[in-house]
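Chain residues, written in single-letter form:
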Amino acid sequence: MAPRGEFRVSVTKDYLVFASAHFITFAGHRCEGLHGHNYRASVTIEGALNEQAWFVFDFVELKRIMRRLCDEIDHLVLLPLTSDRVQVAEDGDTVTVGVDGTPRYVFPRKDCALLPIPNTTVEMLARMLTERLQAALTAEGASGLTAIEMEVEENFGQSATYRLTL
Ligand SMILES: [Zn+2]
């Protein structure tokens, strides 16, 4: 009888860095000023062994996909598109950002990442990266995966983890 253990494969933080600007809104009327982090991501995928290759998923491919997802938001201002409180409007080559209806910033469009999330917390970034990774893995024809776990750290020792069971 075959052993019944399970496998997890990980690609960790030192390889997956993105340096981005953001601000988050809090409950009530509090809102941070614009600032930046050297974010670091770490991903674990779980699943059945590919019986031809004896791996869960090719590391080279996983690293390439994750590097691309990090590059998409690297060196940009991260802005939430589904916030109740932050208004993001594209106007030609510029993006105007308001908070609670008060204009606050104008950025060049090319320096912004407009993200389908309600707040640019590490929790929401982790969930967004998980969903983007899942779509990329599906497009690559990955099969037998059972879970994706994504950690995004914004400062040393300060991170959020999202786990998606497939
Ligand atoms: Zn921050």
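The paragraphs below set out a description of the structure included in this document. (Residues numbered from 1 in each chain as written. Predicted model: local features only at pLDDT ≥ 70, side-chain atom pairs only at ≥ 80, totals over all residues. Heavy atoms only, no water.)

This part is about the environment of Gly144. Here Gly144 lies in the loop between helix H2 (122-139) and strand S9 (145-155). Among the residues examined, Gly144 registers a relative accessible area of 41% and is labelled partly exposed. Linking Gly144 and Phe156, residues 12 residues apart in sequence, is a C-alpha distance of 33 Å. Apart from the residues within four sequence positions on either side, Gly144 is in contact with Gly47 and Ala48. (Helix = DSSP H or I, 4+ residues; strand = E, 2+ residues; numbered from the N terminus. Buried < 20%, exposed > 50% of the residue type's maximum accessible area, 1.4 Å probe, protein only. Contact = heavy atoms within 4.5 Å.)

For the rest of this paragraph, the subject is the pattern of salt bridges. With the rule as written, the count across this model stands at 13 salt bridges. Here Lys110 and Asp111 are joined by a salt bridge, their closest N and O atoms 3.4 Å apart. Through salt bridges with shared partners, a single network forms among Arg8, Glu46, Glu149 and Arg163. (Salt bridge = Lys/Arg side-chain N within 4 Å of Asp/Glu carboxyl O.)

The protein atoms that coordinate the zinc ion are His22 (NE2), His35 (NE2) and His37 (NE2), at distances spanning 2.0 Å. Between consecutive donors of the zinc ion, the numbers of intervening residues give the motif H-x12-H-x1-H. His37 sits in the buried class, given a relative accessible area of 10%. (Donors = N, O, S within 2.8 Å, 3.2 Å for Na, K, Ca; no water.)

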